[in-house]
Amino acid sequence: MKKNLKKIAVLALALAMSVGMMSGCGSKSSSSSSSKSDTASKTSLVIAIDSDYNNLNPLTCSTTAESRTDDQIYDSLLRKDPNDTNKLLPRVAKSWDISKDGKCYTFHLRDDVTFQNGDKLTAKDVKWSFEQCAKSEYQGSTVDGFDHAEIVDDYTIKIYTSSVYAPFLSSLASLSLLDKAYYEKVGKDKFAQEPIGCGPYKWVSHDDGSKWVLEAYDKYYLGAPAIKKVTYKVIGDSSSMAVGLQTGEIDFADVSDASAYAQISKDKDVKVEKVNQTTFSFIAMNTQKKPYNNVKFRQAISYAVDRDAIVKSAAEGLGVANSNLLEKSRLGYSDSEKQYNYDPTKAKALLKEAGITGTYDLGTMYVAEKYKALAQVIQSELSDIGLTTKIEILEFNTYLSKLQKGDFGITCLQMDLNGDTQQVSLALTKQYIGMANNARWSDPKVEQWFKDAVQTIDESEREKIYEKIFSYVQEQAVYVSLYNPTLLYAHNANLTIPTIPNDGQYLIYDFAWK
């Protein structure tokens, strides 16, 4: 894998520490969704988001606000089916072929795609987009394996990989196609503030720290969007978002906060969509230190935690208990894998096998502020089997530094390794120790199996390899997986939206008022 993937691995550790502008909302407004007649003629949409963006150049995208906006402005060769993210759907590429050796992908492009300034999209733009993405420190992993591109004609392009890389095709759903001529004309800085894409919405304006506006691109190749104007409002407080949804001042928002959910869940004018994420909450133990280098000890910790209780208390019910690293929808998940159900008696027996009897002090558990509640529940449950620990809350960058240096024994956090199952290798292989490999664990067998997986094109065979990997990792209790957080999207009850996939990405083009 490339160096830039390592940098992405570091970003995968980053906690969502966004700070947005606080915004209060007033009493029930005339725009409230009290009846269908209120919204039947609407063509605008107001979205609440918790932070502003820095730039809208997909090559340097690094925040949720930027990603969610880029999804509307830009388009890709193909798209993951929101109902089955293992299935790929045509987009700018109407079809594609893969060579017998698995190292050449021929894409046949639509000839009716234009950028929002009227420029026609051709194979030159696709080739340039690949080349620029490969150089990106932020998005280079999107085209990991890319070697070079060969233009056949204006609407046919061959993409070559340096070796067989099975996840290559699915990762291209995240490759934003850029207008080469416009980018080179205005330069990266102006492009980042006044972007041009080939997606269904074009950028209009941006008020720093307050809002930004998109409007429909009526010459979009799949047809003009039904919603003509989209306004993103920066509201850093979940309660204010909830009030805005209730008054009708906000039409759509991410409200993954239990108090906000409680506030809106009984309002007939607001509907809440629950999205089970592949993100995982977990306990990380530094396997380079005692006693965490003992598999019996790690298994004891895995049995000592009551995942259902953790979801109820620390996650306030917004999560799905799961003792496996993989969420059930991911390729390679198997119900036959070892399950660590809550069993303190078994945990104590395993501690004894690990040579630990009586009370044992684990020292300090360092955590970031966001995971204080989770750490407190874990601290209590560990004490029930005779393990004591003191919690110390650290400023985020200080906490991240300790993880990177291995200056910790036990901690808890969340990690987002969305996309192909191969992404989870970042948490389990030697080259990512000090980055996404929080356990600081590696095994030559697992390293080789991951290499075998990326070189196996047949998905059923690749699935078998992943099942072997994660069954072994589960047996070794490398991480103590706890639960997959639930993402909540709330919206006006008269707004129709399709299934939102587990990566949380949505396309406003698919939204409609009823």
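The rules behind each value
Residues numbered from 1 in each chain as written. Predicted model: local features only at pLDDT ≥ 70, side-chain atom pairs only at ≥ 80, totals over all residues. Heavy atoms only, no water. Helix = DSSP H or I, 4+ residues; strand = E, 2+ residues; numbered from the N terminus. Rg over C-alpha atoms; globule rule 2.2 N^0.38 Å. Buried < 20%, exposed > 50% of the residue type's maximum accessible area, 1.4 Å probe, protein only. Contact = heavy atoms within 4.5 Å. Areas by Shrake-Rupley, 256 points an atom, 1.4 Å probe, with all protein chains shown as cover. Lys, Arg positive; Asp, Glu negative; His and termini not counted. Charge placed at Lys NZ, Arg CZ, Asp CG, Glu CD. Salt bridge = Lys/Arg side-chain N within 4 Å of Asp/Glu carboxyl O. Pairing = 2+ DSSP bridges. Phe/Tyr/Trp six-rings, centres within 6.5 Å; stacked < 30°, edge-to-face > 60°. Arc of directions from axis to C-beta. Polar contact = N/O pair within 3.5 Å; in protein donor to acceptor, adjacent residues only side chain to side chain. Axes fitted to C-alpha atoms, helices over the stretch in contact; angles between N-to-C directions.

Right, let's talk about the overall build of the protein chain for a bit. Assigned secondary structure in the protein chain consists of 15 helices and 20 strands. Taken against the 2.2 N^0.38 rule, which gives 24 Å for 514 residues, the C-alpha radius of gyration of the protein chain at 24 Å falls within 12% of a compact globule. Taking the principal axes of its C-alpha atoms as reference, the protein chain extends roughly 70 × 60 × 40 Å. Residues counted as buried form 55% of the 514 residues belonging to the protein chain. Pairs at least 24 apart in sequence give 72% of the contacts found in the protein chain among residues at least 6 apart. Total accessible area on the protein chain is roughly 21,200 Å²; 46% of this is exposed by carbon and sulfur atoms. Within the protein chain, the 66 negative side-chain charges are centred at a point lying 2 Å from the centre of the 60 positive side-chain charges.

This part covers the pattern of salt bridges. Summed over the entire model, instances satisfying the criterion amount to 15 salt bridges. The salt bridge involving K127 is made with E131; its shortest N-O contact spans 2.6 Å. Placement of the pair is K127 and E131 together in helix α4 (residues 123-135), with a separation of four residues, close to one helical turn. Take K127: its relative accessible area is 24%, and that puts it in the partly exposed class. Here D443 and K445 are joined by a salt bridge, their closest N and O atoms 3.3 Å apart. The class for K445 is partly exposed, based on a relative accessible area of 40%.

Further remarks concern the pairing of strand β6 (residues 146-153). In terms of strand pairing, β6 meets strand β7 (residues 156-161) through six bridges, oriented antiparallel. Of the residues in β7, the one forming a bridge with D153 is T156. Taking the residues between adjacent antiparallel strands as the criterion, β6 and β7 are bridged by two residues.

Let us look at the packing of aromatic side chains. Tallying each qualifying case throughout the model produces 24 aromatic pairs. With a centroid separation of 4.9 Å and an interplanar angle of 80 degrees, the aromatic rings of Y53 and W212 are classed as edge-to-face. Of this pair, Y53 sits in the loop between β1 (44-49) and α3 (64-73) while W212 sits in strand β9 (residues 211-216), placing them 159 residues apart in sequence. An identical accessibility class is assigned to Y53 and W212; each is buried. Taking 5.0 Å as the distance between ring centres and 70 degrees as the angle between the ring planes, the aromatic pair formed by Y303 and Y340 counts as edge-to-face. With Y303 in helix α9 (residues 295-304) and Y340 in the loop between β14 (319-321) and α11 (344-353), the pair connects residues that are 37 residues apart, well separated along the chain. Among the residues examined, Y303 registers a relative accessible area of 6% and is labelled buried. A relative accessible area of 3% means that Y340 is categorised as buried. In textbook terms, an aromatic cluster arises when at least three aromatic residues are bridged by ring pairs, as seen for Y74, W128, Y182, Y183 and F191.

Residues of helix α13 (residues 396-405) that are buried include every one of F396, Y399, L400, K402 and L403, and no others. End-on view of α13: buried residues confined to an arc of 155 degrees, all on one side of the axis. Turned more than 90 degrees off the buried face of α13, the exposed positions are N397 and K405. Where α13 begins, the side chain of E395 points an oxygen toward the backbone nitrogen of N397, at a separation of 3.1 Å.

What follows deals with α11. Of all the residues in α11, the buried ones are A347, L350 and L351. All buried residues of α11 project into a common sector of 105 degrees when viewed along the axis, lining one side. Turned more than 90 degrees away from the buried face of α11, the exposed residues are T345, K352 and E353. The elements touched by buried residues of α11 are α9 and β16 (387-394).

This part is about the sheet that holds β7. Pairing within the open sheet is antiparallel, and its four strands lie in the order β4-β5-β7-β6. Edge positions in the sheet fall to β4 (93-98) and β6, since each has one partner strand and no second. Going across the sheet, the axis of each strand differs from the next one's by a mean of 20 degrees, ignoring polarity. Pairing geometry for β4 and strand β5 (residues 104-109), over five bridges, is antiparallel. Across the sheet, residue D97 finds its bridge partner in β5, namely T106.

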